Amino acid sequence: MPFHVEISGGLNHARAFNLDMDELRRRVIEPWLTKRPLDLGEREWAPEESSLRILEGPHLDSPDLAFGQGWSNAERKGEDVTHRIVAEAEPPKLPDAFVIETDLPEAFLAERLPNARAVGLGEVERKIDGRDPQVAAVILLLKKRSQD
């Protein structure tokens, strides 16, 4: 059975209808659980500043959604499953992260990780936020602070 979602914050709200479980998980649940902004209704929503409602009910056809009646029809025909869906959701798989402190970061890399290459922070964020399955770990190499 499809899911219908409402995210609201203050006087604003956005709704999505007829989501399957995979789409619900990818678009709503995973960002919600990891406190990442999520896109819904041409807007970005911050979970800590928003509320979430998930209804499970029959597929809503165009006439059911017409004239702004979609959410009313979803509420009338569906069941609020927000707490159950969020509680049962598997925590999103995040890569392990390691911090290494060294006096000479470049020498450390050259010696221990000769195949390492630098990548931009934007690329790293996309891979982590997009849950790229190839990302097994993130390594942050810090230069030790001098002890003055």
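Above this note sits the structure.
This is a predicted model, so every value here is computed, not measured.

Visitor: I'd like a description of the overall build of the protein, backed by residues and values.
Guide: If you tally the helices and strands in the protein, you get 6 helices and 8 strands. What you see for the protein is a C-alpha radius of gyration of 21 Å, clearly larger than the 15 Å of a compact globule of 148 residues, by over 25%. Here the C-alpha coordinates of the protein stretch approximately 65 × 30 × 25 Å along the principal axes. For the protein, the residues scored as buried account for 28% of the 148 residues in total. Look at the contacts in the protein between residues 6 or more apart in sequence, and 63% of them connect residues 24 or more apart. Roughly 10500 Å² of accessible area belongs to the protein as shown, and the carbon and sulfur atoms make up 50% of that amount. Looking at charge distribution, the protein has the averaged site of its 20 positive side-chain charges lying 2 Å from that of its 28 negative ones.

Visitor: Tell me about a nonpolar patch on the surface, and name the residues and values.
Guide: Together, Phe 98, Leu 109, Leu 113 and Ile 139 line one region of the surface with nonpolar side chains, adding up to about 340 Å² of accessible area. If you trace the backbone, Ile 139 turns up in strand β8 (residues 137-143).

Visitor: So what's going on with the sheet that holds strand β2 (residues 12-19)? Residues and values would help.
Guide: Strand order across the open sheet formed by 4 strands is β2-β1-β5-β6, with antiparallel pairing between neighbours. What marks the edges here is a single partner per strand, and that holds for β2 and β6 (79-80). As paired elements, strand β1 (residues 3-9) and β2 share 6 bridges and run antiparallel to each other. Residue pairing in the sheet places Gly 9 in a bridge with Asn 12 of β2. Against the sheet, helix α3 (residues 70-77) touches β1, β2 and β5 (51-56), its axis set at about 60° to β5.

Visitor: Tell me about the nonpolar core, and please be specific about residues and values.
Guide: In terms of nonpolar packing, the biggest core is built from 17 residues, with Val 5, Ile 7, Leu 24, Leu 40, Leu 52, Ile 54 and Ile 85 touching the most fellow members. Taken together, the elements giving at least two residues each to this core come down to β1, β2, α1 (21-33), β3 (38-40) and β5. In this view, Ile 7 contacts Asn 12, His 13, Ala 14, Leu 38, Leu 40, Trp 45, Ser 50, Ser 51 and Leu 52; residues no more than four positions away in its chain are not counted.

Reading the values: rules and limits
Residues numbered from 1 in each chain as written. Predicted model: local features only at pLDDT ≥ 70, side-chain atom pairs only at ≥ 80, totals over all residues. Heavy atoms only, no water. Helix = DSSP H or I, 4+ residues; strand = E, 2+ residues; numbered from the N terminus. Rg over C-alpha atoms; globule rule 2.2 N^0.38 Å. Buried < 20%, exposed > 50% of the residue type's maximum accessible area, 1.4 Å probe, protein only. Contact = heavy atoms within 4.5 Å. Areas by Shrake-Rupley, 256 points an atom, 1.4 Å probe, with all protein chains shown as cover. Lys, Arg positive; Asp, Glu negative; His and termini not counted. Charge placed at Lys NZ, Arg CZ, Asp CG, Glu CD. Patch = residues over 30% accessible without salt bridge, like charges linked within 9 Å, V, L, I, M, F, W, Y side chains within 5 Å. Salt bridge = Lys/Arg side-chain N within 4 Å of Asp/Glu carboxyl O. Pairing = 2+ DSSP bridges. Axes fitted to C-alpha atoms, helices over the stretch in contact; angles between N-to-C directions. Core = buried A, V, L, I, M, F, W, Y, C linked by side-chain atoms within 4.5 Å.

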